[in-house]
Protein chains: 2
Amino acid sequence: MTRLPEKPATGMIKPLLPRGLADRSSQEIAATRRMIDIIGRIYELYGFCAVETPMIEYTETLGKFLPDTDRPNAGVFSFRDDDQQWLSLRYDLTAPLARHYAAQATSLPKPYRSWRAGYVFRNEKPGAGRFRQFMQCDADTVGASSVAADAEICMMAADTLEALGVPRGDYIVKINHRKVLDDVLDAAGLAGDAPRRLIALRAIDKFDRLGAKGVRELLGAGRRDESGDFTKGVELDAAGCDILMAFLQGHLPEGLVSTGLDELAAIRDLLLAGGYGPDRVRIDMSVVRGLEYYTGPVFEAELTFEVASQGGQTTRFGAVGGGGRYDGLVGRFQSESVPATGFSIGVSRLYAALKALGSPLVEAKSAPKPVLVLVMDKDHLAHYQSLVAALRRAQVPAELYLGSSGMNAQLKYADRRGAPCAIIQGSNERASGQVVIKDLVLGTTLGGATKDRADYLELKQLAQFAVAESEMVGAVRNVLARQAATAKT
Amino acid sequence: MTRLPEKPATGMIKPLLPRGLADRSSQEIAATRRMIDIIGRIYELYGFCAVETPMIEYTETLGKFLPDTDRPNAGVFSFRDDDQQWLSLRYDLTAPLARHYAAQATSLPKPYRSWRAGYVFRNEKPGAGRFRQFMQCDADTVGASSVAADAEICMMAADTLEALGVPRGDYIVKINHRKVLDDVLDAAGLAGDAPRRLIALRAIDKFDRLGAKGVRELLGAGRRDESGDFTKGVELDAAGCDILMAFLQGHLPEGLVSTGLDELAAIRDLLLAGGYGPDRVRIDMSVVRGLEYYTGPVFEAELTFEVASQGGQTTRFGAVGGGGRYDGLVGRFQSESVPATGFSIGVSRLYAALKALGSPLVEAKSAPKPVLVLVMDKDHLAHYQSLVAALRRAQVPAELYLGSSGMNAQLKYADRRGAPCAIIQGSNERASGQVVIKDLVLGTTLGGATKDRADYLELKQLAQFAVAESEMVGAVRNVLARQAATAKT
């Protein structure tokens, strides 16, 4: 049992992470926690209650609704358990919620508002900034067909971004409607042609990135990109292209009748009644959303401030969340159809945005650093241990030096840890029942601080002094208080 | 795109979770969050800093150290990515930390104390209470060979349990040493016989469950359980069995020399110096720990209070955490050997324990329930929406009724949601710019509360009254304040 694990015949194992996966620092962990606290507070103000589902579901439960249909496994991590059943890691939080609702329906209030934060997983193709594990924070209303449910989710998205510190004017929540899109595609000559409709929708979805010229090429014969690669187009005639391009600029085909338009108008009225004008939430015909399960209104929360892009230019930060109505998803589990609508915030992406905004929410406000008790004589380890324990009992973060190096290396370690002060006890101090407290913050400024010899000596006395062991905790507290006061001025 | 997902030919999909996986309620989510806050606070008091790793690693990185060696995949969920590399879900937080340390070594302080909370996954065989996703909260010190690192972790485990509300006397942190176990197995006649040593260790690990008789059978010829199943034993002779059984009662083989014993003595001295007596942390020769990677001291945190077991008897709650020294794990990634020791709390298991203890930490202290604004006339939805928005702007949790049912069903919904009050506006109220506020807490007690007609009328007036729209928010706040005051008395 104590034998060490054998190394592979090829030698060392490389300490690598698979691509698209990353470790997280204490700063990111703390910031994410604060973000989810704030998001949850807003969601609960709107009456949504927390519920979570596990990361693994039956593959069949999740279905295949990801936009990446170029590959057979469609972006999902799947495996079999020992009963030979196919299981998958969830790729979003919506499909598991539909399963949860269908399983628990009898015990839940109807309509049912709930929210959750958690990791989702995508088996993405390689690429910069493509993560295979990332965090989402979702809110969903199941059992309400009213557009008031959709309007509410858009208001909540706006409130959430502001609560997180995104100023009004730096974000916009955009709304579109799948039925409007569908009716416009019909008018453009694509009625009943599912494969070409899908290609047209993908082209429209690229409007932000490719602009009008690129999208028009994709709607027509096709487009050759800078690298020379050719993407086949929808092959619409000029009249059809005109209709879709005009639509993207906000002009509907003449005489268009669409229930989607009526619903969008009703949503706009509700938003205005709630005090949410077009500076916060507005209808935008270019919104598509990639997930296949949407059936009605679709939403996208976009950050509109500019950030530096790769080519030295600036670009809008872009989408940090989205959602929509998915009236068919719960119905996969039961004969009765159940309407539903929801919104998902990309927490990892929003974290990057808040960093770009210089938000205090994500800035390093880490836990206080521990005081270091040096080990000057290994034969007295137990006594040093008792000093550390006394500090911790007084709620002062403290560590015992656990390495095997000498005093200089120990002070270097203290420096690396950002320790506010060090406790030193050599044989002389031990004999007299004392410890030396070394203020490591004051100590580093001591060199160039003053030329006046009296001042220097006074500072030196503050920076390193001896006290009785029984007074150590109080003296350390004084040092920490002095440092906190100095840091503020 | 708006076509609904097709249902499988066999009909509906069943809304089932795979076994060993569970949804989590808002109460459990909030309690887990509070637990991790407390655990993290203690860990940081000891100088451990937060760092997290992803849930997926290369299979080779994780290695196979689980005790369940009866099956080829040894309890790990594994799958291939599109580069045909084998990936696995982590089965603990220790192997990923070893990878993290090896990858980041140059930028980390040495020794390196860190902590993390997160889900781990085990492809377990079916069985009651066996979860395939559960949460652990770990602390590890890498780069310290000193037993002071091991002692510190045991003290921290004791402090953590007390901070979580487990009273002193209701828990014990037990320490043993793999080297002592090894030397005793040698003395019992198993030197160099790896397969039989493993069976002997498993037998010892069952001491709590099977008692002395059962373990002795497993060390000898074997044991037949109540169901008639026979487990083959280690086939030790009587002298060998005597040595191991005496060891389990705390008696070492005569003349045994073991560096493990010296280290245990040094740990005990450090514990006593820190003020941790055998009522909190003590040496216990029956501790084994199942994971194969341990090389030195091993720890187990056990809750000693009694709970009802299945057969109507009582039993000790049992282990809620464990750990030990794993000096070989980081060395799998680099030529230089790196000592390490750590401890893992089973958060899900500890949550069950705190529930059994009736801890206030896990009791339902959920978010305030939302006020419900009823929809009496669908043509005025936007106006009802503005009432909800006014409440939310004043930080009063509120919802608009989103279903399509009548007033009675809406009040039933309010009841199910635990709404403190309802806002009702029919055409008469609307005409006069008023709303009716219905106190749903006072309302339910009104029936049998008083026989005195004057009192009844006064209460009735409190339970349902009309106010001007402009005074709605203030009036709702008064109702909530009155309810909070009544709940306290």
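**Student:** What is the right way to read the side chain of Asp138 of chain B from this model?
**Tutor:** Residue and element names in this part refer to chain B. Structurally, Asp138 can be placed in strand 6 (residues 133–142). Buried within the structure, Asp138 lacks any salt-bridge partner; Arg116 is the closest side chain of opposite charge, at an N-O distance of 5.4 Å. A distance of 2.6 Å separates a polar atom in the side chain of Asp138 from a polar atom in the side chain of Ser344. Discounting chain neighbours no more than four positions away, the residues touching Asp138 are Tyr43, Leu93, Thr94, Ser114, Trp115, Arg116, Phe343, Ser344 and Ile345.

**Student:** Is there a simple way to think about the domain arrangement of chain A in this case?
**Tutor:** In many reports, interface size means the accessible area that the parts give up when they come together. Domain boundaries in chain A define domain 1 (26–356) and domain 2 (371–483). For domain 1 of chain A versus domain 2 of chain A, the distance between C-alpha centres works out to 55 Å.

**Student:** What should I look at first to understand the packing of aromatic side chains in this one?
**Tutor:** Summed over the entire model, instances satisfying the criterion amount to 15 aromatic pairs over all chains. A ring pair is formed by Tyr293 of chain A and Tyr294 of chain A, whose centres lie 5.1 Å apart and whose planes are at 75 degrees; its orientation type is edge-to-face. Each member of the pair, Tyr293 of chain A as well as Tyr294 of chain A, is classed as buried. With a centroid separation of 5.5 Å and an interplanar angle of 70 degrees, the aromatic rings of Tyr401 of chain B and Tyr413 of chain B are classed as edge-to-face. You can see Tyr401 of chain B sitting in the loop between strand 15 (398–400) and helix 12 (407–417) and its partner Tyr413 of chain B sitting in helix 12, a full 12 residues away along the chain. Tyr401 of chain B sits in the buried class, given a relative accessible area of 5%. The class of Tyr413 of chain B is buried, set by a relative accessible area of 5%. Grouped by ring-pair contacts, the aromatic residues Phe77 and Phe79 of chain A together with Phe77 and Phe79 of chain B constitute a single cluster. Residue placement shows Arg113 of chain A over the ring face of Phe48 of chain A; its charged tip is 6.0 Å from the ring centre. The residue whose ring lies beneath Arg332 of chain A is Phe333 of chain A, and the NZ or CZ to ring-centre distance is 5.6 Å.

**Student:** It is not clear to me how the packing of helix 6 (residues 194–205) of chain A against helix 7 (residues 207–219) of chain A should be interpreted in this structure. Could you clarify?
**Tutor:** A pair of packed helices can be characterised by two numbers: the angle between their axes and the separation between those axes. Residue and element names in this part refer to chain A. At a closest axis distance of 7 Å, the pairing of helix 6 and helix 7 adopts a crossing angle of 145 degrees. Across the interface between the two elements, Ala200, Ala203, Ile204 and Asp205 from helix 6 touch Phe207, Val215, Leu218 and Leu219 from helix 7. Counted by class, the contact of helix 6 with helix 7 contains 7 nonpolar, no polar and 1 charged residues.

**Student:** I tried to follow the pattern of salt bridges on my own but got confused; where do I start?
**Tutor:** Opposite charge on two side chains makes pairing possible when the charged atoms of those side chains draw close. Residue and element names in this part refer to chain A. All told, the structure shown has 58 salt bridges over all chains when counted by the stated rule. Between Asp186 and Arg197 there is a salt bridge, with the nearest N and O atoms lying 2.7 Å from each other. With Asp186 in helix 5 (residues 178–190) and Arg197 in helix 6, the pair connects residues that are 11 residues apart, well separated along the chain. Looking at Asp186, the relative accessible area reads 35%, which means it is partly exposed.

**Student:** Explanation requested: the relation of the copies chain A and chain B in the structure shown.
**Tutor:** Two copies of a chain can be linked by a rotation about an axis combined with a shift along that same axis. In screw terms, the move from chain A to chain B is a rotation of 180 degrees and a rise of 0.0 Å along the axis, fitting with an RMSD of 0.1 Å. Both copies of the chain, as the preceding transformation shows, are related through a two-fold rotation axis. Closest to the rotation axis within chain A is the C-alpha of Phe79 of chain A, separated from it by 2.9 Å. When the interface residues of chain A are mapped onto chain B, 99% of them are again interface residues, pointing to one common binding face.

**Student:** Even after reading the chapter, I still don't get unusual backbone geometry, so can you show me in this structure?
**Tutor:** In most cases, non-glycine residues show a negative phi, while peptide bonds are predominantly trans. Residue and element names in this part refer to chain A. Following Lys110, the chain continues into Pro111 via a peptide bond in cis, with omega recorded as -5 degrees. Tracing the backbone shows Pro111 in the loop between helix 3 (94–104) and strand 5 (112–121). Backbone geometry at Glu235 places phi at a positive 60 degrees, although glycine is not the residue there. In this fold, Glu235 is placed in the loop between strand 9 (230–232) and helix 8 (238–248).

**Student:** What should I look at first to understand the environment of Pro167 of chain A in this one?
**Tutor:** Residues and elements named next belong to chain A. When you line up the elements, Pro167 lands in the loop between helix 4 (147–163) and strand 7 (171–177). Exposure remark for Pro167: the relative accessible area of 40% places this residue in the partly exposed category. The sequence separation of Pro167 and Leu400 amounts to 233 residues, and the corresponding C-alpha distance is 45 Å.

**Student:** I'm lost on the interface of chain A and chain B in this one. Help?
**Tutor:** Contacts between the two partners involve 114 residues from chain A, matched on the other side by 114 residues from chain B. When chain A packs against chain B, the two sides together hide about 10100 Å² of surface, and 60% of this comes from carbon and sulfur. If you look at where chain A meets chain B, you find 14 salt bridges. For Asp81 of chain B, the salt bridge identified is with Arg19 of chain A, shortest N-O distance 4.0 Å. Along the contact surface separating chain A from chain B lie 37 residue pairs in polar contact (both at pLDDT 80 or more).

**Student:** Got a minute to help me understand the sheet that holds strand 4 (residues 86–89) of chain B in this structure?
**Tutor:** Backbone hydrogen bonds are what pair the strands of a sheet, in a parallel or an antiparallel way. All names here are of chain B. Overall, antiparallel pairing links the 3 strands, which are arranged 2-4-3 in an open sheet. Only two strands of the sheet have a single neighbouring strand rather than two, namely strand 2 (56–58) and strand 3 (78–80). Taking the axes of each pair of neighbouring strands and ignoring which way they run, one obtains an average angle of 35 degrees across the sheet. Bridge count for strand 3 against strand 4 is 3 bridges, and the pairing is antiparallel.

**Student:** I keep staring at helix 10 (residues 347–356) of chain B and nothing clicks. Help me out?
**Tutor:** Structurally, the α-helix is built with 3.6 residues per turn, so residues lying three or four positions apart point the same way. Residue and element names in this part refer to chain B. Taken together, the buried positions of helix 10 are Val347, Leu350, Tyr351, Ala353 and Leu354. Around the axis of helix 10, the buried residues are gathered within 160 degrees of arc, so they sit on the same side. Buried residues in helix 10 make contact with helix 1 (26–45), strand 6, helix 4 (147–163), strand 11 (297–308), strand 12 (314–325) and strand 13 (340–346).

Conventions used here
Residues numbered from 1 in each chain as written. Chains lettered and ligands numbered in written order. Predicted model: local features only at pLDDT ≥ 70, side-chain atom pairs only at ≥ 80, totals over all residues. Heavy atoms only, no water. Helix = DSSP H or I, 4+ residues; strand = E, 2+ residues; numbered from the N terminus. Buried < 20%, exposed > 50% of the residue type's maximum accessible area, 1.4 Å probe, protein only. Lys, Arg positive; Asp, Glu negative; His and termini not counted. Salt bridge = Lys/Arg side-chain N within 4 Å of Asp/Glu carboxyl O. Polar contact = N/O pair within 3.5 Å; in protein donor to acceptor, adjacent residues only side chain to side chain. Contact = heavy atoms within 4.5 Å. Domains from an automatic or database assignment. Phe/Tyr/Trp six-rings, centres within 6.5 Å; stacked < 30°, edge-to-face > 60°. Lys NZ or Arg CZ within 6 Å of the ring centre and 35° of its normal. Axes fitted to C-alpha atoms, helices over the stretch in contact; angles between N-to-C directions. Nonpolar A, V, L, I, M, F, W, Y, C, P; charged D, E, K, R; others polar. Least-squares fit on C-alpha atoms with pLDDT ≥ 70 in both. Buried area = accessible area lost by both parts, 1.4 Å probe. Pairing = 2+ DSSP bridges. Arc of directions from axis to C-beta.

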